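Each chain, letter by letter, is given below.
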Amino acid sequence: MVKKIVLSVLITCWLVLITSLTTGEEIVGTIAEKSLSSAPKLQFATSTGGGIYCAIALADIDDDGKLEVVTASFDQKVYVLNEDGTSVKGWPVEIPQAWLLRSSPAIGDINNDGKLEIIIGTLMGNVYAFDPEGKSLTNWPVSVSGGVFSPPALGDIDKDGKLEVIIGSIGEGKDIYVYAFNGDGTNAAGWPAIIDATTWSSASIGDINRDGKLEVGVTTCSGSTYLWNADGKLLTNWPVTIGFLNVSSSVFGNIDQDKKLEMIVGSSDGKIYAFKANGELVSNWPVEIGGTIRSSPALGDIDQDGNLEIIISSDDKKVYVFNGDGSKVPGWPVSTDGSIQASPILGDIDQDGKIEIIICSSDKKVYAFNEDGTIVPGFPLMTGGAIISTPALGNIDDDDSLELIVASFDSKIYCWDLGKGTYIPAPTKLSIKQRFLKMFSKKKEDKYTKLPWTMFQHDKYHTGTYPNGK
């Protein structure tokens, strides 16, 4: 009974928060404050039937060789859009009684049919898996305890060559779990795993202890942070405790150059924590910033020193960048005009060879900052409502320019073209001649667009893990 009352309070507080963030006037222009010749060009602004909390994901859903835009709205629908903002055939799909869709969809081939599926949870306690045409997979939806705010994450945790779906629940009474489902809707061996409180965070998935198997990390609203082996058993010394009422998702990355992944997570106590696989804090962590942290971190080598930095935002309206030793990167933090719940994304959006940081704020604006904290020309961009959703960055129309896709609480999905020449694909396979020439090239690296963290939790699977363990 007590936990049900707490859950009701949590949901009420969240509703009050998003309501306070979403009141405002209609969109007044595509570019706020600056109007430069190099300013991003609005490619489309597609209306949905409700405000959008869910993050944007990008994937080639219909196998046409182009990335589609995937998200869900408070109108109880999942949207899949083409590069011109029109709906892909079979979409949107309405989910009955799926009010307050907060569980950002993950995308992957969970049944090994060679096609991508879209997975999303609902507050009514169902987890759905849709095929590219918007039809439910066999044996889906599956039910979980209570409801779902947690975004799903996908990973082959049992090394059977198939992706599993990992998702947390709101729970009922003491029945609060993190689930791992096979592609056929059955429970993966050893799962679900019991937790002590509701979780709103996405799982992070990666080999944090270098045992050759994937581990699963989740933080809960009680402040307990868990790390499980692939079989659902806790690693030694876990869970650990951080601040109360946490909604930030954890991420994995090697921030201290020890060739091992660390778990990094923000907390409601205004601190960012970094843990080793054994549950010990990384040296000089946690670090404290001002304000509650609802945003999930992103990882990338912002200052090109060969080491990962941690990028995160806060209710204090600021964006922070920290080195792996906990020190602040020069030029940071920087301020926006509103509190921030969206997570940062990273990419070289102007072909200067350096990584820019893109962040959305409750002030209705989309910001892009250079590595030194200065604003990128042409930004910020303006929408007509508060932005809580994490944006995405990619080349969705298969040309030579990047697109930036943003969902707002004005019920619209925006896409801006960032300009010709902003996208140069990395070579996938070099010919013998190209490899020979590269051996004797004086260039330190090939010139291609760097895109280290382009959407919520890094990728369409929501693994939350920086690749290659760096």
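Here, the structure is the one placed above.
In this report, the structure presented in the accompanying data block is examined.

Each value, and the rule that gives it
- By convention here, each chain's residues receive numbers from 1 onward along its written sequence.
- Only residues with pLDDT of at least 70 are given local features in this predicted model, and only at 80 or more are side-chain atom pairs given and counted; all residues enter the totals for whole chains, interfaces and linings.
- Working from all heavy atoms in the structure, the side-chain values ignore hydrogens and water.
- Each helix is a run of DSSP H or I of at least 4 residues and each strand a run of E of at least 2, with the numbering of both proceeding from the N terminus.
- Here, residues are in contact when the closest pair of their heavy atoms is within 4.5 Å.
- For the accessible areas, the method is Shrake-Rupley and the probe is 1.4 Å, while residue cover comes only from the protein chains on display.
- The rule is simple: put a 1 Å grid over the protein atoms alone, call a set of points where a 1.4 Å probe fits but cannot get out a cavity, call an open set with protein on both sides within 12 Å along at least five of seven lines a pocket, and count a residue as lining if it has an atom within 4 Å of a point.
- Grid points are joined across faces, edges and corners, and a volume is the space filled by probe spheres set on the points.
- Nonpolar residues are Ala, Val, Leu, Ile, Met, Phe, Trp, Tyr, Cys and Pro. Charged residues are Asp, Glu, Lys and Arg, and all others, Gly as well, are polar.
- Salt bridges are counted wherever a side-chain nitrogen of Lys or Arg sits within 4 Å of a carboxyl oxygen of Asp or Glu.
- Between buried and exposed lies partly exposed: a residue is buried under 20% and exposed over 50% of the maximum accessible area for its type, with that area taken using a 1.4 Å probe on protein chains only.
- A pair of strands is treated as paired once DSSP finds two or more bridges between them.

Tallying secondary structure elements over the protein chain gives 2 helices and 32 strands in all. Taking the contacts inside the protein chain whose residues are at least 6 apart along the sequence as the reference set, 53% of them involve residues at least 24 apart. Carbon together with sulfur atoms contributes 51% to the accessible area of the protein chain, which is approximately 18,200 Å² in total.

One pass over the structure, following the stated rule, counts 1 cavity of 30 Å³ or more. In this structure, the largest cavity encloses a volume near 180 Å³. Looking at the lining of the largest cavity, its residues break down into 8 nonpolar, 9 polar and 2 charged.

Okay, the pattern of salt bridges next. Counted under the stated rule, the structure contains 5 salt bridges. For the salt bridge of Glu83 with Lys66, the shortest nitrogen-to-oxygen distance reads 3.2 Å. In this pair, Glu83 is assigned in the loop between strand E4 (77–81) and strand E5 (93–94) and Lys66 in the loop between strand E2 (57–59) and strand E3 (68–72), connecting sequence segments 17 residues apart. Of the charged contacts in the structure, one is a salt bridge between Lys135 and Glu133, with a shortest N-O distance of 3.6 Å. For Lys135, a relative accessible area of 51% translates into the label exposed.

Most of strand E11 (residues 164–168) sits inside the fold, with 5 of its 5 residues counted as buried. On E11, burial covers both faces: Glu164, Ile166 and Gly168 on one face and Val165 and Ile167 on the other are all buried. In terms of strand pairing, E11 meets strand E12 (residues 177–181) through 4 bridges, oriented antiparallel. Paired with Val165 across the bridge in E12 is Phe181.

Spatially, E10-E11-E12-E13 is the arrangement adopted by the 4 strands of the open sheet, whose pairing is antiparallel. The open sheet is flanked by strand E10 (153–155) and strand E13 (193–194), the only strands paired with a single partner.

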